[in-house]
Amino acid sequence: MPTFNDARVRQTNDQKPNPTGAYVLYWSQAYRRLNRNHALDYALHWASLLKKPLVVFEGLRLDYPWASARFHAFFLEGMRENATTAQKLGINYWPFVETPQQPARGLLRKLSDKACLVVTDDYPAFVVPQQIANLARKISVPLSAIDGNSMVPLQLLGLAVSAAAHLRPRLHRLFAEAWQQRAQAEPVFPKETRTTIVPPFEIWSSTTDLSTFLKQLPLDHTVAPLTNTHGGVACGKAVLRKFLLEKLPRYSTARNDPDDPQRNAASGLSAHLRNGHISIQECVEGALTQAGPWAPTRLDESNRGKREGFFHTDANVNSFLDEALTWRDVGYHWHYCRNVTKGPPVV
């Protein structure tokens, strides 16, 4: 019988798993973290089922739209932290950073040839849908795309809408079940999934000096790395903690006040969410449990579909969750529906 999270899974080709493959490959391209990640959970499930090692591949190309030293630095800071975390967990983490001397072309197909199956992130915008479609046509094993974009799987939200007021009741109706079906906060990797596999390429060294390395790459260097905002899971968590302690208590009335970002009540989480270094799940958990334990029994069903009062008695929590879930999901859901009806955009 299908489960709630089965709606997160999209099979992008008709291939069958290869039981003689060397590993299960998780291609991390949007949810760039090793916690609270539905795609990682799915890949880990298959690796455990097949008793195969899990390989986490995180790549960074040179030719993505608006490629710059700033974006690259943010991604690389996250990759450096993921390498450290993966080493502590004892799992195979293969970071790849394209350079003129080491091009990316053909690498994913080569890695897929040795895999039992491939799992990736079903992010519905930017270059991700086209990259998924391109690889799905070229490989002989399944490519499973997993929707970890929000608390509720986008497939369950029905037809596209153009207003938050239309999406809000759908999200509210499914939120209690979504809360019960969250991704693992700290995944457990069974022994067989941690068997070491030697990568068939030179992985990027996490000890590389980022400043020196970036200067050698053909990027837009007029958009320089930021000195006050950094990538990585730890930095994303730090921004969330600061928001919950200092800004959430005045969010509903002050989030739109024009002021310095360090002083206003806006969360400051956008870059960390967009680049996958923190999950919306963790942000929602933090907001709902900031004042103590929370359970779906505290949802106020009399306020279902309303902007205020559904999630919590605290107006600040409600206001933040309406922005973080309803308004954010209007965009993701629109892209998801467009991809279903018209196919991924060509970029």
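The preceding data block contains the structure.
Being a predicted model, the structure only gives us computed values, none of them experimental.

Can you walk me through the overall build of the chain in this structure?
In terms of helices and strands, the chain carries eleven helices and six strands. Relative to the globule expectation of 20 Å for 347 residues, the C-alpha radius of gyration of the chain, 20 Å, shows essentially globular dimensions. A principal-axis box enclosing the C-alpha atoms of the chain has dimensions of 55 × 50 × 40 Å. Counting every position in the chain, which comprises 347 residues, the buried fraction comes to 52%. Counting contacts in the chain only where the partners sit at least 6 residues apart, residues at least 24 apart contribute 79% of the total. Accessible surface, the chain: about 16400 Å² in total, of which carbon and sulfur atoms supply 54%. For the chain, the distance from the average position of its 40 positive side-chain charges to the average position of its 31 negative side-chain charges is 4 Å.

Just checking my understanding: could you explain the packing of aromatic side chains for this structure?
Remark: the centre distance and the inter-plane angle together describe each pair of aromatic rings, the angle taken between the planes. Under the counting rule described, the total for this entry stands at 17 aromatic pairs. The interplanar angle of 75 degrees and the centroid separation of 5.4 Å between the aromatic rings of Tyr 123 and Tyr 332 together place this pair among those described as edge-to-face. Here Tyr 123, found in the loop between strand E5 (115–121) and helix H4 (128–138), pairs with Tyr 332, found in helix H11 (residues 315–342); they are 209 residues apart in sequence, far enough to count as distant. Among the residues examined, Tyr 332 registers a relative accessible area of 11% and is labelled buried. Seen in terms of ring centroids, Phe 243 and Phe 320 are 4.8 Å apart; in terms of plane orientation they differ by 50 degrees. Their pairing is tilted. Note that Phe 243 is positioned in helix H7 (residues 233–247) and Phe 320 in helix H11, a separation of 77 residues in sequence. Each member of the pair, Phe 243 as well as Phe 320, carries the same accessibility label: buried.

Would you mind showing me how to read H11 here?
Spanning 28 residues, H11 covers 39 Å between terminal C-alpha atoms, matching the ideal 40 Å at 1.5 Å per step. Taking the largest bend as the criterion, H11 deviates by roughly 35 degrees, centred on Asp 329. With a side-chain oxygen lying 2.8 Å from the backbone nitrogen of Asn 316, the N-terminal cap of H11 falls on Asp 314. Gly 343, located one to two residues past H11, shows a positive phi value of around 85 degrees.

Quick question: what am I supposed to make of the layout of surface pockets here?
Roughly 970 Å³ of volume is contained in the largest pocket. Along its surface, the largest pocket is lined by 32 residues, and Trp 27, Arg 61, Asp 63, Leu 108 and Gln 131 are the ones closest to its centre. Breaking the lining of the largest pocket down by element, the ones donating at least two residues are strand E3 (54–60), helix H3 (107–113) and H4. When residues in the lining of the largest pocket are grouped by element, the largest group, six residues, is from H4. Grouping the amino acids of the lining of the largest pocket by side-chain chemistry returns 17 nonpolar, eight polar and seven charged. Considering only enclosed or pocket space, the second largest pocket measures out at about 790 Å³ in volume. The wall of the second largest pocket is formed by 36 residues, among which Phe 74, Leu 226, Thr 229, Ala 271 and His 272 lie closest to the centre. Counting residues per element, the ones that place at least two in the lining of the second largest pocket are helix H2 (69–89), helix H6 (210–215), H7 and helix H9 (270–274).

Mind showing me how you'd approach the side chain of Asn 318 here?
The residue Asn 318 is located in helix H11 in this model. Relative accessible area serves as the criterion here: at 2%, Asn 318 is assigned to the buried category. If we ignore the near neighbours within four places in the chain, the residues touching Asn 318 are Arg 307, Glu 308, Gly 309, Phe 310, Phe 311, His 312 and Thr 313.

What is the right way to look at a positive patch on the surface in this model?
On the surface, Arg 105, Arg 109, Arg 137 and Lys 138 cluster together into a positively charged patch. Take Lys 138: it is sitting in helix H4. Judged by relative accessible area, which is 48%, Lys 138 ranks as partly exposed.

Reading the values: the criteria
Residues numbered from 1 in each chain as written. Predicted model: local features only at pLDDT ≥ 70, side-chain atom pairs only at ≥ 80, totals over all residues. Heavy atoms only, no water. Helix = DSSP H or I, 4+ residues; strand = E, 2+ residues; numbered from the N terminus. Rg over C-alpha atoms; globule rule 2.2 N^0.38 Å. Buried < 20%, exposed > 50% of the residue type's maximum accessible area, 1.4 Å probe, protein only. Contact = heavy atoms within 4.5 Å. Areas by Shrake-Rupley, 256 points an atom, 1.4 Å probe, with all protein chains shown as cover. Lys, Arg positive; Asp, Glu negative; His and termini not counted. Charge placed at Lys NZ, Arg CZ, Asp CG, Glu CD. Phe/Tyr/Trp six-rings, centres within 6.5 Å; stacked < 30°, edge-to-face > 60°. Expected span 1.5 Å × (residues − 1). Bend = angle between axes of the 7 residues up to and from the residue. Polar contact = N/O pair within 3.5 Å; in protein donor to acceptor, adjacent residues only side chain to side chain. 1 Å grid on protein atoms, 1.4 Å probe; cavity = no way out; pocket = protein on both sides within 12 Å on 5 of 7 lines; lining within 4 Å. Points joined across faces, edges and corners; volume = space filled by probe spheres on them. Nonpolar A, V, L, I, M, F, W, Y, C, P; charged D, E, K, R; others polar. Patch = residues over 30% accessible without salt bridge, like charges linked within 9 Å, V, L, I, M, F, W, Y side chains within 5 Å. Salt bridge = Lys/Arg side-chain N within 4 Å of Asp/Glu carboxyl O.

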